Each structure stands twice: as C-alpha cells, then as structure tokens.
Amino acid sequence: MVPRPKNRDVTSILASGAIEALQLAVPLSKAIPVVGSTVEGSLQAVLYILQVKDIDEVKVKKQQCQVLVDRAVAITAAITTELMKGSPAMLVQREINVASLQRTLRDIQTLLEDLASASLITRIFNRGSFGDKLTQFRQQLDTAIEIFHITNDMGTEHALTRLLTAIEEGEEKNDIVFVKSLLGPVTAASYFARSPNSGCFPGTRKTLLDQISAWFDNSQAPHIFWLSGLGGTGKTAVSHTICERINVNKQLGASFFFTRDEADRRRVDLIIPTIAFQLASVNPAYRRKLSDVLKDRPDASSRAQQYQLDELLLRPLKEVPSLPQYLIILDALDECDKEGGDLIHLLLQKLPNSGLNIKVLVTSRPERSIRDMFKVTGLEMKMHHMSVLHDRDQSSVKEDIARYLAHHMQRIQVNNNITPPWPEDSAFNDLVLRSGVFFIFAATIITFVADRLYTPQTQLQRLLTSGNTTSRSQVDSLYLQILQTFIEDRTDASELCARFRKVVGAIVLLQNPLSISALAHLLEHDEDDLERALGPLHSLLNVPSNYEQHIRIFHPSFRDFLLNEERCQDIRFIIPEGPTHAKLALYSLKIMLRYLKRDICGIGEEIVLNSDIPDLEDRLRECVPPALSYACQHWGDHLSQVVHDEGVGKQLVSHLSEFASTKLLYWIEVLSLEGRFSLCIRNLDAAMPWCKVASPTVYSLVYDAYRLALDYHNALNISALQVYHSALVFIPNCSLLRAYQHELPGVRMTSSRTEDWDASLLVLEGHTSSVNMVSLSRQGSRAASASDDGQVRIWDTFNGAQVLCFEGHEGPVKSIEYSPDSSYIASGGADTTILVWDSVSGSKISTLRGHKSTVNSVVFSNDGRSIASGSADCTVRIWDVLENKEEKEELASFSGHLDQVTCVAFLADGSRVLSGSMDSTIRLWDLKTNSIVTVIDSASTVLSLAISSTQQSIFLSGSSDGIITIRNSNNFKEIGRLSGSGEAAAVKSLAFSSEGSRVVSGFLDGTIRVWNTSSRSCTTEYRGHSGPVECAKFTPDGKHILSSSADRTIRLWEAGIEGVWGSKDHVMVVQIPNHVEHIVSGSTKGKVGLWNIDNGSLVYEVDVHQGTIYSLAFTSDDKLVASASADHTIAVLNVNDGSTVTVFKGHTDEVYTVQFSSADTLLVSASPDGQVILWNMSTKTRKRTLTHTVGFGVASFSPDDRLICCGTLDGEIHIHDVETGEQLANLNEYPSPILWVLYSPDGQWLAAWFEDEAVKVWKVDGVNYRTWPHCEWRLDRHKGTPSVNEDDSEKVKYGDFLPADELHYLQEDGWVTLPHTGKRICWIPPSRRQPWLRTLWESRKGFFAAGSQIGTLTVVDLRSTLP
C-alpha cells in the first residue's frame, strides 16, 4: 500500500496531480495527428504556469511576465481554434464547455499583467496575496482542464482510442503471424477458404440443419455428431452451411475440410496445428496461451501427436477463463490418410472427455473403418445418434433436390429467354427421378444444361434421351455425355482428346491441386491454351478465371470415373494411370533440375534454425514457385506408380540420374524449409524400388539420401542448413558424399569416415533411462516402448517420429505388449500394477492389481482375451482383458517359483502358460485346472522364453550363462541348443520371426544375434548398442529387427543381411590435452589410444586394462595420463609412447572416475565399492581413503586442491578436506545416483549431474553450500530450474563452470552448441557419440571429440563456428 503524503495541503496534492497528468499529456499529444502541435504547445504553457511555485523563487521580471501573458493568450486562442474544428452540431456545446477554461486563462493573464507592472518592493510585500490568487487559479485551472479533457477533447480521445486500438490490433496481428509461422496450418482446409456458395441451397436440408443446430445448443447432448452418407449426397454442403450458422454467433472454433485432391488437406498430422491456429484466431486469450507454449517449444507442431493435442490444444484451452462454447467440424473424414488415423481417434476420444465446452461435427462416407474407430473404445456410446444422409426420409431429400433443380432451371430459362413452361413437368420429374438422393447429380445436371457452348434446350434433350439407369450408372452416363459433347462434330477430336488426357489426367492424379499458372508451369504448357482446354469442362471442374487460383474437381466420383475402364465406356477419355504418373514424375524432375540450388531462399551461411529465419514464408513464396514446391513434395509418389516399360522410362532414368547427382541436397533443403521434411523420407522410400530396377547408380544415390534422411531426421526437421553442416560432415564414404564433396562446410570431421552405413536404419532417442522392452503393432507401423523413466512411448517405425507418450506407472515400466489386434497395450511396472491402455489414444482403460512386487513380464494370449504376468513376487497371474471393470481381479494366481519370475509365455492353444525364473526353473501351468503341469530345471537363471506360432512343437529358453536351449513343447525335453550361444553373455531376450525360420536374441554384452532354426547356427550379429540389449523382436514382415537397450535407445535394423556388423570394442571415453595436438581414448576392451587431432590417425594403441575404461585424466603438463577401469585398477601412462608408469590397486569394484590435482601431486579415484582413494603421485602409494556405505560414482578436486568433492550412488555429495580427510559438508537434497561433479574455475560454484539427467547447482561460501538457481543449458528442456529464492541474484549459467578453452557443449539430444548462447552448431548422429553421459565427450579450443559406438573416435574441428 502506498503511504499518504505528509505535511502537504490538498492544493499542492491536486496541483502535483495536474502537473503529472500534463507531463504525460505533452509527449502523448505528439502522437495524435488530429490535434497537432498547437495543442502540444498550449499544454506545455499551462504546465509552465502550474509549476510556478513561488513568485519570489523565480525572480519574475517584467519581460518574463509579458511572455507568460502572451502564452496565456496563445493558449486561449489555440484551444478555442482546435475545439471549434468539428461538426456544426457539436460547436454550440463545445463553445459552452470551453468558456470556463477561457475565463480561467483570462484571470491568470490579468494576474500576470498586474505582477509584471508591480515594482520589486510591491512584489516582495504582496507575494502572499499573489500566491493565494495563484493557488486559487491553480484550482480553477485544474477543474477547467478536467472538464476540458472530459467534455471537449473528444477528438483527442477518439484519436487516442484509435491509437490504442491500432496498437492492440498490431499486437494481435503479430501474435497471429507468430503462431501461424510456427504451426504451419492448412489455411485451405478452413471454412473461410471455401466459396461462399458452397453450402446447401436455401430452403433445403432444413430438418437436418435444425437437428444439428439443436444438438449444438443442447448442453446435455453428446459432444460428437457423426453425419455419414454416400458420396454425392451433400455432406460437405451441410458442413459448410452449419459453419455459416454457427459463425454468425462467433462460435465456430475451427473447421477442417478433408479432400483427396490436396496432400495437406488429407494429412492427419496437420489437423491439430490447423485447429489450434483457427481457435487462436477467434479467441485472444487462447492465442496468448498458445503463443507462450510456442515460444517455449518452437518445434511443438512437429512433435508427437499426443503432445500436440495436449500442449497445443487441450491444456491451453483449459487455462482460458470462461471459454465460450465452440464447434469444430471435420468434414469428409474418409478422405484423410488412413495411416494417420491414430490422431483422429485420439482427438475424438480426448476432446469430449476434456471438460471443455467444445463439440465436434464429423462427416464421412459410411466406411467400416470409421465405424470401427468409434466402437473400439466406446466412442459410439458418447456420440450423438448418427445421422445417415442416404437413409433419411427419401421423400424429403427428393423434395430438396426438386426445389434445387426448379430454382436453377428457372434461372436458366429466364437468362436465356426461353418461353415457359420449360422444362415441361414430365422432363422435370425425370430429372428429379434420375438424381435420386444424390445432390452431385443434380448439380452436374445444372452445370451441363447451363453450358454456354450449347443451348439449354439442346443440352436438356441430350440428357433426357441418354436412358435411365441406376444411380451410379446415371452419374457415369452424365459424365460421359458431357465429355462426348465437347468433341462432338470436331475434326480435331483426337487432338482434343490427347490434350484432355494430358491436362485433365494431370489434374485428377495430382497429389495437390494447382492453379492454371502453376499447372502450365509444371506441364510446360501455354497458360491460355490450357485454360481453353478446360473451357468445355466447367460443368465437371471448377476452373477459376484467375490463373492463380486452384483448379478443382467438383466431386471425387469424376476422378474415379476417368480412371476406371469399366465405368468410362469411351476409351478416348480414360486416363491411363501409369503413363500419366510417369509424365508427372518427368515434369517434376525437369522443374527441380531447372530451379533447385543451394540456399535457394538467400539465407546465407549463418547456422540458424528454420524458425529463426526472418520472413521465411515470404522468402519461400518468392523463391519457390508453386509448381516447384509441388514437384519437391511429390516426385517420388508419381515415380512409384510408374511401370518400367512405359515410353518415358529412358528419359526418367536420365533426368533422375542428373537430379540425384546434382540436386538431391538442395531438394532436402527446400522441404525442410517448407516444414515438410517427413516428405523426404516418404518420397525416397517410394522411389527406391523403381530406381533399384532401373539403374544401380541412381539407386545408390537415392538409397544414400534415404539413409541420410533417416539418420539426421532429428536435425533436418528443424534446420535445413544441417544437411550441409551436419549430414555431409559425418556420412560414410558413399556415392552421395562423392557427388556433393564440393558442398562440404567449414565444420570438418578429422577422424576417419566409415565405408558404409550402419546396419541400424533408425535410432530412436527420447527415453531418459533404460528401455526395458519394445512391442510391435500387428502391421509393424507402430512400436511401443517401456522404460525405467516411467514412460510408455509409441513410435512411428517408418520415420522415427514419436507418436504418443503416456504416463501412469509410479516408477519404472519393465514390460509392454500389444494385443494381437493392436487395440490395446499392456504394461507392467515396478509399482506392482499392470495397466491396460488404448493403443491409439493412450488413455488408460483398466488397472490390474494383485502382484506384490515388480511386474517383469506381461503377454497377451493369441485370442487377446487374457493376459499372463510374471513378477518379482515369484508368482504368475492370469487376467481377463474383456472384463468390463476399471479395477480387475486376476482369474488365476500360480505360486511355486522360489525366486522372481523373469518371463512368461502362452503356448499356442492358450490353455497353458510357461514361466521362467531366477530360481533356474521353467514351469508349465494349466489354466483349465489352475495347477502346475511340470517343472523343468535349468543350469542357470532363465531370463527369456520364445514360442513359435508356426513350429508349435518347440520352444526356446535363454539363460544367464548365454545358452539358448531348444525344447519339445509336448514332453519339454531338451532337443538341442543354438550353436555357439554359450559363447555370448546372458540372453536377455528371445523372439521368433513370424514364419518361424529365424530367431533373434539380445544379449547382456550389447550384441544382437539372428539364428537359423533349421541349421541352428548364427547367421548375423549386430553390434551397436552400448548397453545390454533388453529386448529384440522381428517386425511382422520379417524385414527388420527392433531392439531396445539400457543405453536408452531403440534401434531398427535391416534383418536381411548376414555377417558381423559393428565392433565390440567401442571408444568409451576421450580426453583432449592442453596442447590440443592429440586425443587420448579409452575403449570398452581396456585399450588406451593416442590419436592425431588434425587428421584423426591413430598414433598408438596399447592394451592396459582387462575391462572397460570409464575415465581418463591428464597431468597439467600433458606428460602423463591416468585411466580408470572396470578391472578395479587405475593405470598411469606416459603420453608420448603409452608405456606404463604405475598401476594403482586398491579398489574392489569398477573404478568410475579419476582426476589429478592441479599441482599433479595427488590422484583421486572413485568406485561403487564405497571408496574414494587419494593416491600420492610421488610415492605411488595410497594417501587416504574416504568411505560411504552405498558407493561413489565420481570424485573431483576443487580448483585450489584444498577440497575434494565426492558424489555417491544414492545422491549425496560429500565435501572433504584433502589434508585431513575431514568431512566438511554433506549435500543430500536429491536422491539419484550422481554421474559427475564439477567446480567452477573460480571455485564459487559446484554443479552435479544426476543419473536421471537432473542438474543441481550450489553456491560455495567456505564450507557452506547453498542450493542456487541456474539457467537450463539443455535445449530440450524449455524451462529452467525454479529459483529457491526469487530475491537471489541472476541465475548461474553453464558458461560459469567452463574452463576458458571449453568452447562447445554436447546436448543430450546430440546437438553441439555454444555454451554461452545455446546456439546450435551441428548435430552428431547417435552412431558417432555415446548416448547421454557427460563424461564421454570432450571439447577444447574449438575441437570436439567423442567416443562412438562404431568402434572408433569422432573428432570434429569446429573452429570455423566460433564467434
């Protein structure tokens, strides 16, 4: 609360208020064009008068007084003049209202004249009197000014209002532009982009329209209305008219009119961005909320579908106070891409249950897939009774069609001066009868009869004599009659038909509609001639007079007619799909060859994200014409439809070869800039089969580009320039690199390239802890993953995109399984529960409780009716999936194992269940008798089981000793082993291929093996994971293998290859010495290597340890390097030759970290054995041991070597005095294993990295450590750590912890950034780095180095990127 002023009279308070008001008004008046500078000067003069506090203080002289007199007069004149500038009706009132102000100013003028004429002595003795009068005048002037502002300054007030309105409108416009730029909505899908005449004919469909309106107005009605109907029955017209009605009351939230004609308008993944943008356009409060989300997450529109729905739509809408009721319309749902249907289901399920006052009208054809979608999870029960257009009262529909025909026929009759009655009743009734319930037929009749090339009477007669057939045949006959009419009696009919097939063939097979101008550009055709070719077809095509507007087919049935030989009875008009696609592919290649170039939009070489490019939309509009954009988006789609013996085959190969060798990278750049990078993968995947047959050379280039797009999709999706700055830098020595060597950037990888692509096609990153299991949907297009981070994620196996992420378990998720029909997903967690999820929406359907410990395994029976689960509580339980309860009880529970159950599996008939356990047994349970059938002993812990769906007589078991045993499923006797399986580590996973001829196994040592079941031999071994392979499975088609690992990644491998792929010896850790001439590496096989930093060549490699090297450290003079290993030892080597100086032994477990003191006199090591040991470098002996019951993960010296900081595996940080060993502080504020600790160079800050990727910072004040807020330097976390105290000073930045020469930082998602600004420089693919650990990479003086999973080192020269 502001305190009252003391020792001031009311007059001074009022005067000061007036002064403040005028001080604000003077500069403001400059921005008001209506008022001008005169009022500005007058206000300044009044302000001057008011600020005269004491006559004696200002030493008023006569000349000064005269100036004031003159100004007072000027004020009166100026204000009077300005205020009299108005309409005559306002002048009288203004004149009255201004009188008070004029009188006050005249009194002031008189006072000042008296004062100016008085002598000095008079002014001195009468200053009190003058002061009283002036005070009185001040009060009067305050009142006059107040009246002046309220009643007379209406022009100024209006101008200010307009100014504020303009500012607000400008802000709104900027917000809308910002939101639009990041969402990339499909504006053409909106109701507002449609022709105003697209709705129902006035007076028709009244009952249906009223029914839908009543449903929308009824707050108790279900939130979904499904209007279905056959093609041509007028569904879209109904949607359009409902939009008109609802928009009158500003309640139309959004609309999406699907169509097969346009790629964007059939893409499901663009629905949420489009709906969000439209809602943001009508609701400012939601727009502000959405804008905040997009500022934090610029890539939100390209993230998982569930994330888009929750973060772009539902959550911001819920935060809007008093959200009005809105309607969302999804029209022609049957025309959207079927493979993207997950989001539709997700939207229609979650929106009605969100609590938002939003309803959805859905229209579609009555397709079974859509009906099934509503049924899957009970959506049908929450839906308004659906209305089927073609099943509605047919007499009512025919009346509507008759009304429509009567109106338009009368208009034709009047416009053409036809003598009534026309048409005759019999003819009119015939037209109504022919139309049936199809408005499309009636509409086509009208356009045909109204064709100005012929008389209406002639056209009508043609119709009436064409015969009367079924509804579809009637439409086909009408189409054919229209086509035949335009070549009737033409001597050049064959030429016209050829032009028709070229132009209209392109129109009906285009993936997106084009304008006359763009289509002519693409087809290399004259615009005017193309328009003339379409002239006679106005009754079938919407051909705008504006050459820049899109040509559209009136109804999809016309396209179907032209492509179907059985329906189109005149061969001259049939569009041959293959040849037409071939020509479109050829035209697309030609235009791309002509226009594509590097930096087509003139962005320059500055490394920026697409979202940071100013005016990108304008640049694209100017530099990428529509025809070129179309070609970039769809050349592969057309090529995939081409038969190899088409006439243009040789031309296609020639142009494709030139395109692949000279334009591929520029094509990727364009699609990334357009926000359509996913189309790169789609086009290349579609084109590869054709290229493989047509040309091995072209195929090689296209395949390389496909692998590049898969490997670098995370980077290229948000930054087009990374195709040069990242992809070209790291790709193998392949044909693509050789073709585009000239495009290599300043960023340079000095280490050697591989000679071929990695065997893993995709690496899916996102989980923050071990990925324990994966499961594939029935078609293999989706993969579900379960992780220790507590999340279940759904992935698109085609392009690696994350589709969904749902959380429900309280703790790690250990197992996951799709149901046989892929409708459900079951997951088992460490929280003892099994959750059953809807696989499409991610909503939780039921919770299965009963286990007392971690659920290690869940599987569905083959019929999908039951779930079997195995738990660490040593039990196996059976559950009824179909039981309609949210909380379900088990059907049966089996006890008998003496240790935790690791895996379960149903036998083929579903009546028996196998279970494997850590008690080294396999048990068979009978579900009919709820009893045990047999116990099978194993030599070691049973970790995995596999049942073949085709070879029902056998099953496999994998154990901790690495042996895979084959058993007879009838008598359960061992009948063999997979050859050589005992040579590997523990078998974590087993799975048969769908045909049963192969088995894939995942091992503890990170390898994956494929076995031939007939020969029982290993055919393929994959090495690439840097942690245990927790799960490996074949895709349903057997072409790929999906694996998950403790290294937090999921990988997709090519399954059709043989041999050994990858290296067992990974570079685990690297260090760059101070002189930056070499790099030292430590490998998983215990080798220490020295590498030349300039060319990446290996100087030497020595065997030092018997296990993985986890840490390296240099002395300050770079002469010695210490290595910490899994073999419990620390070795110290001479850097020059790799010779051993000493080996420290004393730890009883793996040694995780090692570090020299700054004076090189001490060495510290940390181990999970509970010891941190200080070693004396002079005596090569142990100086001191610090202990902890749980174990240590890291230890580090303070910059002055006085303190040692130890991070424990239970989340504590111990600070010890180096000399005495005394513990000075214990920081235990975060219960997660600590991976790394780091003091800032000045010793003022301490930072810790935890296993769950959290980062904590403390301010160091002697022995006092205080938690401190810090800026989030991870780019994938949009919000910083909350402040402990909002009054604290500025948050700590990552740059505060860096040595002066550490100039780059590797984000956990693979981006190398400048640490002080967060600017992205390049993206390193997973194969070229170790996942997630801060300790596994090094940056110094512009060089970056990382261990890799391909068995070698990655070294990058980034000096060209430094500021």
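Scroll up for the structure.
Residues numbered from 1 in each chain as written. Predicted model: local features only at pLDDT ≥ 70, side-chain atom pairs only at ≥ 80, totals over all residues. Heavy atoms only, no water.

## Points about the overall build of the chain
In terms of helices and strands, the chain carries 34 helices and 64 strands. Every one of the 1363 residues in the chain was classed for burial, and the buried ones make up 57%. A fraction of 57% describes how many contacts in the chain between residues 6 or more apart in sequence connect residues 24 or more apart. Of the accessible surface of the chain, which amounts to about 55,800 Å², a share of 49% is contributed by carbon and sulfur atoms. (Helix = DSSP H or I, 4+ residues; strand = E, 2+ residues; numbered from the N terminus. Buried < 20%, exposed > 50% of the residue type's maximum accessible area, 1.4 Å probe, protein only. Contact = heavy atoms within 4.5 Å. Areas by Shrake-Rupley, 256 points an atom, 1.4 Å probe, with all protein chains shown as cover.)

## Concerning the pairing of strand S54 (residues 1223–1227)
Alignment of strand S53 (residues 1213–1217) against S54, held across 4 bridges, turns out to be antiparallel. The residue bridging Ile1213 from the neighbouring strand is Leu1227, located in S54. Connecting S53 to the antiparallel partner S54 that follows it, the hairpin turn spans 5 residues, and Gly1221 within it adopts a positive phi of roughly 80°. (Pairing = 2+ DSSP bridges.)

## Considering empty space enclosed by the protein
Tallied over the entire structure, the rule returns 6 cavities of 30 Å³ or more. A volume near 100 Å³ is recorded for the largest cavity. Asp711, Val763, Pro1325, Pro1326 and Ser1327 are, among the 13 residues lining the largest cavity, the residues nearest its centre. Elements with a minimum of two residues in the lining of the largest cavity: helix H31 (696–711), helix H32 (713–716) and strand S9 (760–764). (1 Å grid on protein atoms, 1.4 Å probe; cavity = no way out; pocket = protein on both sides within 12 Å on 5 of 7 lines; lining within 4 Å. Points joined across faces, edges and corners; volume = space filled by probe spheres on them.)

## A short note on the sheet that holds strand S44 (residues 1120–1125)
The strand order across the open sheet formed by 4 strands is S43-S44-S45-S46, and the pairing between neighbours is antiparallel. Each of the sheet's edge strands pairs with one partner strand only, and the pair in question is strand S43 (1109–1114) and strand S46 (1140–1145). On average, each strand axis in the sheet is inclined to that of its neighbour by 20°, with strand direction left out of account. Judged from the 5 bridges that link them, S44 and strand S45 (residues 1129–1134) form a sheet pairing that is antiparallel. Opposite Ala1122, over in S45, you have Val1132 as the bridge partner. (Axes fitted to C-alpha atoms, helices over the stretch in contact; angles between N-to-C directions.)

## Quick notes on the environment of Ala826
Checked against the element boundaries, Ala826 lands in strand S15 (residues 824–829). With 19 residues separating them in the primary sequence, Ala826 and Ile845 have C-alpha atoms 9.9 Å apart. Dropping the residues within four chain positions of it, Ala826 is found in contact with Ser815, Ile816, Glu817, Ile834, Leu835, Val836, Val858, Phe860 and Ile867.

## Considerations on unusual backbone geometry
Backbone torsion omega between Pro420 and Pro421 reads 0°, so that peptide bond is classified as cis. For the bond from Trp422 to Pro423, the omega torsion is -10°, close enough to zero to count as cis. Mapped onto the elements, Pro423 comes out in the loop between helix H16 (394–415) and helix H17 (425–435). For Arg1016, which is not a glycine, the phi torsion comes out positive at approximately 60°. Mapped onto the elements, Arg1016 comes out in the loop between strand S33 (1007–1012) and strand S34 (1017–1023).

## Topic: the pattern of salt bridges
A side chain with one charge may pair with a side chain of the opposite charge, provided their charged atoms come close. Going through the model one piece at a time under the given rule, you end up with 35 salt bridges. A salt bridge links Arg598 to Glu743; its shortest N-O distance comes to 2.5 Å. Taken together, the positions of Arg598 in the loop between helix H25 (577–595) and helix H26 (616–623) and Glu743 in the loop between helix H34 (735–739) and strand S8 (748–749) put the pair 145 residues apart, joining distant regions of the chain. Between Arg782 and Asp796 there is a salt bridge whose closest N-O contact spans 3.5 Å. Of the two residues, Arg782 sits in strand S11 (residues 782–787) while Asp796 sits in strand S12 (residues 791–796), which places them 14 residues apart along the sequence. We classify Arg782 as buried; its relative accessible area is 10%. (Salt bridge = Lys/Arg side-chain N within 4 Å of Asp/Glu carboxyl O.)

## Side note on the sheet that holds strand S39 (residues 1067–1071)
One open sheet holds the 4 strands; their spatial order is S39-S40-S41-S42, and the pairing between them is antiparallel. The two strands at the open ends of the sheet, each matched to only one other strand, are S39 and strand S42 (1098–1103). Strand-to-strand, the axes of this sheet are offset by a mean angle of 20°, without reference to chain direction. Examined bridge by bridge, strand S41 (residues 1087–1092) and S42 share 5 bridges and lie antiparallel to one another. Within S42, the residue paired with Leu1090 across the bridge is Tyr1100.

## Things to note about H17
Listing the buried residues of H17 in full gives Ala427, Phe428, Leu431, Val432, Arg434 and Ser435. Along H17, the residues classed as buried sweep out an arc of 165° about the axis, all on the same side. Structural note: H17 exposes Asp425, Ser426 and Leu433 on the side pointing more than 90 degrees away from its buried face. (Arc of directions from axis to C-beta.)

## Brief notes about the packing of aromatic side chains
Counted under the stated rule, the structure contains 23 aromatic pairs. With a centroid separation of 5.1 Å and 45° between ring planes, the pair formed by Tyr1022 and Trp1053 is classed as tilted. Placement of the pair is Tyr1022 in strand S34 and Trp1053 in strand S37 (residues 1050–1054), with a sequence separation of 31 residues. The exposure classification of Tyr1022 matches that of Trp1053, with both residues buried. The side chain of Arg194 reaches across the aromatic face of Phe257, ending 4.4 Å from its centre. A cation sits over an aromatic face here: Lys1259 above Trp1245, 4.6 Å from the ring centre. (Phe/Tyr/Trp six-rings, centres within 6.5 Å; stacked < 30°, edge-to-face > 60°. Lys NZ or Arg CZ within 6 Å of the ring centre and 35° of its normal.)

## Overview of helix H13 (residues 305–318)
For H13, built from 14 residues, the straight-helix expectation of 20 Å at 1.5 Å per residue is met to within 8% by its first-to-last C-alpha distance of 18 Å. Of all the bends in H13, the greatest measures close to 30° and is centred on Glu311. Burial of H13 is extensive: 12 of the 14 residues sit out of reach of the surface. Here H13 has its buried residues at Gln305, Gln306, Tyr307, Gln308, Leu309, Asp310, Glu311, Leu312, Leu313, Leu314, Pro316 and Leu317. (Expected span 1.5 Å × (residues − 1). Bend = angle between axes of the 7 residues up to and from the residue.)

## Examining a negative patch on the surface
On the surface, Asp526, Glu527, Asp528 and Glu548 cluster together into a patch of negative charge. Here Glu548 shows up in the loop between strand S6 (541–542) and strand S7 (552–553). (Patch = residues over 30% accessible without salt bridge, like charges linked within 9 Å, V, L, I, M, F, W, Y side chains within 5 Å. Lys, Arg positive; Asp, Glu negative; His and termini not counted. Charge placed at Lys NZ, Arg CZ, Asp CG, Glu CD.)

## Considering the packing of helix H21 (residues 493–509) against helix H23 (residues 527–534)
In contact at an axis separation of 10 Å, H21 and H23 are set at 90° when each is read in the N-to-C sense. One finds that H21 runs roughly perpendicular with respect to H23. Along the contact surface, H21 presents Arg499, Val503, Val504 and Ile507, while H23 presents Asp529, Leu530, Arg532, Ala533 and Leu534. (Parallel < 35°, antiparallel > 145°, perpendicular 65-115°, else oblique.)

## Examining the nonpolar core
Counting 240 residues, the largest nonpolar core has Met592, Trp667 and Leu708 as the members making the most contacts within it. For this core, the element with the most residues is H21, which contributes 10 residues. Cys200, Leu227, Ile246 and Ile329 belong to the second largest nonpolar core, which has 20 residues in total. (Core = buried A, V, L, I, M, F, W, Y, C linked by side-chain atoms within 4.5 Å.)

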